[in-house]
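Structure at a glance
As a plain string of letters, each chain reads:
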Amino acid sequence: MALQAQNDLIAEEKIVALGRRNQITLPNEFIPKGATQFKCKKKKDGTIILIPHTSIPISQLYFWTKRWQDGEKEASEDIQAGRLYHFNSAEEAVQFLRGSRKLKRK
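Numbering of residues begins from 1 in every chain and follows the order in which that chain's sequence is written. Where totals are concerned, whole chains, interfaces and linings use all residues; where local detail is concerned, this predicted model gives features only for residues with pLDDT of at least 70, and gives and counts side-chain atom pairs only at 80 or more. Excluded from the side-chain calculation are hydrogens and water; included are all heavy atoms of the structure.

The subject of this paragraph is the confidence of the model for the protein. A score from 0 to 100, pLDDT tells how confident the predictor is in each residue. Per-residue pLDDT for the protein has a mean of 84; in total, 86% of the residues score no lower than 70. Within the protein, the element-level pLDDT minimum falls on helix 1 (residues 2-8), averaging 56, and the maximum on helix 2 (residues 66-80), averaging 94. Helix numbering and strand numbering both begin at the N terminus, where a helix is a DSSP run of H or I of at least 4 residues and a strand a DSSP run of E of at least 2.

Now for unusual backbone geometry. Across residues other than glycine, the phi torsion is negative in most instances, and most of the peptide bonds are trans. Of note in the backbone geometry, Asn22 takes a positive phi value of approximately 60° without being a glycine. A relative accessible area of 63% means that Asn22 is categorised as exposed. Only protein chains enter the calculation, and the probe is 1.4 Å; a residue is then buried if its accessible area is under 20% of its type maximum, exposed if over 50%, and partly exposed in between.

To continue, consider a nonpolar patch on the surface. Here the term patch refers to residues with relative accessible area over 30% and no salt bridge, with like charges joined within 9 Å and nonpolar side chains (Val, Leu, Ile, Met, Phe, Trp, Tyr) within 5 Å. Reported accessibility uses the Shrake-Rupley method at a 1.4 Å probe radius. Residues are deemed covered only where the shown protein chains occlude them. By salt bridge we mean one thing: a side-chain nitrogen of Lys or Arg within 4 Å of a carboxyl oxygen of Asp or Glu. Nonpolar side chains collect at one region of the surface, where Val16, Leu18, Ile24, Ile48 and Leu50 lie side by side and expose about 440 Å² of accessible area between them. Mapped onto the fold, Ile48 is located in strand 2 (residues 48-53). For Ile48, a relative accessible area of 59% gives the class exposed.

Under the pairing criterion, centres of Phe, Tyr and Trp rings, with the six-membered ring standing for Trp, must be within 6.5 Å; the plane angle then separates stacked pairs below 30 degrees from edge-to-face pairs above 60, leaving the rest tilted. One pass over the full model with this rule turns up five aromatic pairs. Where Tyr62 meets Trp68, the ring centres are 5.2 Å apart and the plane angle is 80°; that geometry is what we call edge-to-face. Residue classification places Trp68 among the partly exposed positions, given a relative accessible area of 36%. Grouped by ring-pair contacts, the aromatic residues Tyr62, Phe63, Trp64 and Trp68 constitute a single cluster.

Quick look at the pattern of salt bridges now. Summed over all chains, the structure comprises three salt bridges. A salt bridge links Lys14 to Glu29, with the nearest nitrogen and oxygen atoms 2.3 Å apart. Of this pair, Lys14 sits in the loop between helix 1 and strand 1 (37-42) while Glu29 sits in the loop between helix 1 and strand 1, and the two are 15 residues apart along the sequence. Residue Lys14 is classed as partly exposed on the basis of its relative accessible area of 45%. Across the pair Arg83 and Asp78 runs a salt bridge, and its minimum N-O distance is 2.7 Å. Residue classification places Asp78 among the partly exposed positions, given a relative accessible area of 23%.

Take a look at the structure:
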C-alpha cells in the first residue's frame, strides 16, 4: 500500500544519464520557473530527492516579474508626486471610490 501511495505522488518520470563527473541534465519540463538551484536529499533507502531552491521563495517570485515591478515603480512615482488620498475611515474610502470624490489630496 505504501508503494502505491508513493506512486500516486509521481506526476511524470524520465530516465536521465549520469555524466562523466556525476552530472545529470534535468528535462526542462521538470524545472520550475525561477529555479536556479536544487536542494539534494538522500533518503535511507537510497532514493535521491531534488527540491527546487531559489534565493527568493518560489511562492514570492511573482513580486520580481516585470509586470509587478512596473506597478511598484508607478506606485512609488505616484507617492512621490503626491498623487494619493488620505481617508479617516473605510466608509470614507468607499464613498470616494463610488464617485463622490470631493476629498482634497493630501
